[in-house]
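# Reading the structure
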Amino acid sequence: MALGLAAMHVLEVMFFVGMAGSAIVVVISFVEDIQELFGED
């Protein structure tokens, strides 16, 4: 039972780290697209 709870906590942390990484990628892509759209070449 304790091993299952520990595994759940590890998966929980990995899930939130993955969500944060995805959010960072989305923000970087958004900033680059805005620069490409409004930037003067």
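For the structure, see preceding data.
Here's a quick rundown of the structure. (Residues numbered from 1 in each chain as written. Predicted model: local features only at pLDDT ≥ 70, side-chain atom pairs only at ≥ 80, totals over all residues. Heavy atoms only, no water.)

### Some points on the overall build of the chain
Within the chain, the regular secondary structure consists of 1 helix and 0 strands. In the chain, which comprises 41 residues, the proportion classed as buried is 0%. Of the roughly 4,000 Å² of accessible surface on the chain, 76% is carried by carbon and sulfur atoms. (Helix = DSSP H or I, 4+ residues; strand = E, 2+ residues; numbered from the N terminus. Buried < 20%, exposed > 50% of the residue type's maximum accessible area, 1.4 Å probe, protein only. Areas by Shrake-Rupley, 256 points an atom, 1.4 Å probe, with all protein chains shown as cover.)

### Re the packing of aromatic side chains
Counted by the stated rule, this structure contains 1 aromatic pair. With 5.2 Å between their ring centres and 75° between their planes, F15 and F16 make a pair best called edge-to-face. Given a relative accessible area of 49%, F15 falls into the partly exposed group. (Phe/Tyr/Trp six-rings, centres within 6.5 Å; stacked < 30°, edge-to-face > 60°.)

### Brief notes about a nonpolar patch on the surface
Together, V27, F30, V31, I34, L37 and F38 line one region of the surface with nonpolar side chains, adding up to about 630 Å² of accessible area. With respect to the helices, strands and loops of the structure, L37 is situated in helix α1 (residues 2-38). (Patch = residues over 30% accessible without salt bridge, like charges linked within 9 Å, V, L, I, M, F, W, Y side chains within 5 Å. Salt bridge = Lys/Arg side-chain N within 4 Å of Asp/Glu carboxyl O.)

### Re the environment of S22
By secondary structure assignment, the location of S22 is in helix α1. The partly exposed category is assigned to S22, whose relative accessible area is 44%. Taking C-alpha positions, S22 is 28 Å from E40, a pair spaced 18 residues apart along the chain.

### Regarding the environment of Q35
Relative to the assigned elements, Q35 resides in helix α1. Under the relative-accessibility criterion, Q35 is labelled exposed at 54%. C-alpha of Q35 to C-alpha of V13: the two residues are 22 residues apart in sequence and 33 Å apart in space.

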